[in-house]
Amino acid sequence: MNRRKRTIRTTAAALAAAAILLSATIFAASAPAHAQPTADIQAACAEYSPKFDELAAWLDTRPSLSENQDERESKLKLIDDALLYPEAKLMPCAADFLRRRMEAFIADFEASTVSSGAVIWKLYNHTVIIQTPETAIAVDLIQGPGIVRTPREIIERIVARTDILLVTHHHGDHVDWDVWDMYLDAGKKVVVPEPARKEYRRRDELTVIRQGKIELPGVLATVFPSYQKKDLCSSYLIKTKDGVSAMHLGDENNIMRLGSEWYRKIKPPMEIDVLIPNIWCPNLKPLLDHIKPALVLSSHEHEIGHPVEGRRPYSYVYRVLRAFGLPYAVPAWGERFAVPAPLPR
């Protein structure tokens, strides 16, 4: 019996050690890669670097989001092929482009004051920063995949200037535990749906809301209970005291619940200023029967942490937006969209 107990203890210890090793391996694999790029990646950057440089130089002029749409579309499409490259997340030229855009963003963000309404910055993937006269909100703030990452120093500056982090769901392209740590260390709230907290070591410090309201200075945030297929997801409506409203859909995808989606309960239809969807959302058209935006702000294109078949290039984005027949804007990483007052309809 004693020998059997020793064997069980030995086996348990071995399994625990293996689990620790596996965990370390997983997190090491997700850390930024600094190895010399392969010959294929070097060749890809040789081809794509001029296109990244051309787009970056154009964005440095701070072009309007609403004017010269043909020019904007042609410029953004310059990097479609580059970001559809299978190993785009390991391309130094893509990393340099994101860094340049995030440096431009943080300089703009830190210099900005908002006297009315809101300013919305689109960062990498589905991250947005919403600044109002009294409150600044981050949604789905992450550093990024592979070596294509917002520098940590810039993330720290974002955390310092925002008041709360809203997380839509637990998928890896929306969750960054290092970022969560920064907010909690600063005594700021991190709001998540239940599944997002389960494996996080500081889970008891998170604010879990499935449905409800969050009162912030000058802002009311409403959490709507959505899904991405079977996974719980949150959609957030941000409304300022002067009536400007923006809704971030997260990865809204109620394709498995057709006919019982959360937005069908909204009667009469809700008018908002800005809708920020996951641009590939398969049920966006029925949602627009119940949520009536004055403008659609594109998001979640070119997530290079996804397999190639799960990425959406700008060519796809423009095709989808045109089909809806609504006013729209397509910001690049780091660009701003100002909504000083409710938008005309």
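Residues numbered from 1 in each chain as written. Predicted model: local features only at pLDDT ≥ 70, side-chain atom pairs only at ≥ 80, totals over all residues. Heavy atoms only, no water.

Trainee: Where do I start with the overall build of the chain in this structure?
Mentor: The helix and strand inventory of the chain stands at nine helices and 14 strands. Burial analysis of the chain (345 residues in total) assigns 51% to the buried set. Taking contacts inside the chain between residues at least 6 apart in sequence as the whole, the part at least 24 apart equals 62%. Taken as a whole, the chain presents about 15800 Å² of accessible surface, with 54% of it coming from carbon and sulfur. (Helix = DSSP H or I, 4+ residues; strand = E, 2+ residues; numbered from the N terminus. Buried < 20%, exposed > 50% of the residue type's maximum accessible area, 1.4 Å probe, protein only. Contact = heavy atoms within 4.5 Å. Areas by Shrake-Rupley, 256 points an atom, 1.4 Å probe, with all protein chains shown as cover.)

Trainee: Looking at this structure, I do not really get the state of the cysteines. What am I missing?
Mentor: Note on terminology: a disulfide is the covalent bond linking the sulfur atoms of two cysteines. What the rule picks out here adds up to one disulfide. Here Cys45 engages in a disulfide with Cys93; their sulfurs sit 2.3 Å apart. Across the S-S bond of Cys45 and Cys93 the torsion is about -85 degrees, and the bridge reads as left-handed. With Cys45 in helix H2 (residues 39-59) and Cys93 in helix H5 (residues 92-111), this residue pair connects regions lying 48 residues apart in the sequence. This pair shows no difference in class: Cys45 is buried, exactly as Cys93 is. Between Cys233, a free cysteine, and Cys281, which holds the nearest cysteine sulfur, the sulfur-to-sulfur gap is 9.7 Å. Taking the relative accessible area as the measure of exposure, Cys233 reaches 0% and is therefore buried. Using a relative accessible area of 7% as the deciding quantity, one classes Cys281 as buried. (Disulfide = S-S within 2.5 Å.)

Trainee: I'm lost on the side chain of His169 in this one. Help?
Mentor: Within the secondary structure, His169 is located in the loop between strand E4 (164-166) and helix H7 (177-185). On the basis of relative accessibility, which here comes to 0%, the residue His169 falls in the buried class. At 2.8 Å, the side chain of His169 forms a polar contact with the side chain of Thr168. Reaching out from His169, the side chain makes a polar contact with the side chain of Asp251 at a distance of 3.1 Å. (Polar contact = N/O pair within 3.5 Å; in protein donor to acceptor, adjacent residues only side chain to side chain.)

Trainee: Explanation requested: the environment of Ala107 in the structure shown.
Mentor: Within the secondary structure layout, Ala107 lies in helix H5. Residues Ala107 and Ile154 lie 47 residues apart in sequence; the distance between their C-alpha atoms is 9.8 Å.

Trainee: Can you help me understand the nonpolar core in this one?
Mentor: Among soluble globular proteins, nonpolar side chains are generally buried collectively. In terms of nonpolar packing, the biggest core is built from 65 residues, with Phe52, Met91, Ile158 and Trp180 touching the most fellow members. With 29 residues, the next largest nonpolar core counts Ile238, Ile276, Ala329 and Leu343 among its residues. (Core = buried A, V, L, I, M, F, W, Y, C linked by side-chain atoms within 4.5 Å.)

Trainee: Would you mind showing me how to read the sheet that holds strand E9 (residues 231-240) here?
Mentor: The pairing of strands in a sheet comes from backbone hydrogen bonds and takes either a parallel or an antiparallel form. Taken in spatial order, the seven strands of this open sheet run E7-E8-E9-E10-E11-E12-E13, and their pairing is mixed. On the outer flanks of this sheet lie strand E7 (212-216) and strand E13 (328-329), each paired with one strand and no other. Pairing analysis gives three bridges linking strand E10 (residues 245-248) to strand E11 (residues 270-276), with the strands arranged parallel. Across the sheet, the residue bridging to Ala246 is Val274, located in E11. (Pairing = 2+ DSSP bridges.)

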